[in-house]
Amino acid sequence: ESAGAARLRVLVATDSAADQRKTLAAVRSLGRRGCHVVVGCDPGLCPPAWSRYCGGHVSYPSPFLAREEFVATLSSIVRTGRFDVLLPLSDHTTFPVVMCAEELAPHVGLCVPGPEALARAHDKLGILSVASRLGIELVSLVRVDRAAGCFVCEALTCALPTEVHVGYSREL
């Protein structure tokens with residue numbers, strides 16, 4: 001542990017709809033290394049804020065339901081100078097932080113990719129295309145048909161075990 005790490009003040013930004021286990025893991029990991037960790041969350045249930053490694057909690061509007069209000073409140077929070085680093089952990093917090101990075105960066109260090117890298121990482125069809133070119137067998141593909149306003153499943157046959165994960169899409 002360095003003396004700098006002990007003084008690092010980190011705001012971990014998540015939302016109540018996100019996978020809270022990864023937020024709790026981040027809080028514990030940073031806290032064990034001597035960082036002062038504060039969890040930011042919308043008004044829903046936020047178990048990572050209950051961790052013994054969490055030094056505080058801030059609330060903001062839902063980044064999913066009220067993105068503009070979320071950005072304004074988060075900007076106000078980081079402008080206080082209470083934090084050295086902002087670490088968004090969900091898609092709902094990462095996308096808005098990336099889009100307003102220039103506004104936030106003078107006030108807090110940002111742990112986010114650039115907009116182009118974020119877009120590439122979330123381009124599922126692009127990732128599947130690269131996997132196919134590399135010879136990685138694709139089990140199934142669900143894509144968004146914007147014209148029809150629906151999801152289309154193009155199942156591919158293979159002998160591999162398969163899991164189905166039900167989720168959501170920002171596309172529809």
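Just so you know, these numbers come straight off a predicted model, no measurement behind them.

Definitions and limits used
- Residues numbered from 1 in each chain as written.
- Predicted model: local features only at pLDDT ≥ 70, side-chain atom pairs only at ≥ 80, totals over all residues.
- Heavy atoms only, no water.
- Polar contact = N/O pair within 3.5 Å; in protein donor to acceptor, adjacent residues only side chain to side chain.
- Helix = DSSP H or I, 4+ residues; strand = E, 2+ residues; numbered from the N terminus.
- Buried < 20%, exposed > 50% of the residue type's maximum accessible area, 1.4 Å probe, protein only.
- Pairing = 2+ DSSP bridges.
- Core = buried A, V, L, I, M, F, W, Y, C linked by side-chain atoms within 4.5 Å.
- Contact = heavy atoms within 4.5 Å.

A. Looking closely at helix α7 (residues 124–133). Measuring from the side-chain oxygen of the N-cap residue of α7 to the backbone nitrogen of Gly126 gives 3.0 Å; that N-cap residue is Asp123. Taken from the residues just after α7, Gly135 is the one with a positive phi, measuring 85°.

B. Structural detail: the pairing of strand β1 (residues 9–13). For β1, a buried count of four out of five residues is recorded, marking the element as mostly surrounded by other parts of the structure. The sheet contact formed by β1 and strand β2 (residues 36–41) spans five bridges and is parallel. Opposite Arg9, over in β2, you have His36 as the bridge partner. In this sheet, strand β4 (residues 85–88) lies alongside β1 in parallel orientation, the contact comprising four bridges. Opposite Val12, over in β4, you have Leu87 as the bridge partner.

C. Spotlight on the nonpolar core. By size, the foremost hydrophobic cluster in this structure holds 16 residues, and its most contacted members are Leu11, Leu74 and Leu86. Put simply, the parts of the chain that give this core at least two residues each are β1 and α3 (67–78). Sort the elements by how many residues they give to this core and α3 lands first, with five residues. Not counting residues up to four positions away in its chain, the partners in contact with Leu74 are Leu11, Tyr60, Leu86 and Val97. Of all hydrophobic cores here, the second largest spans 14 residues; its members include Val10, Val27, Val37 and Val39.

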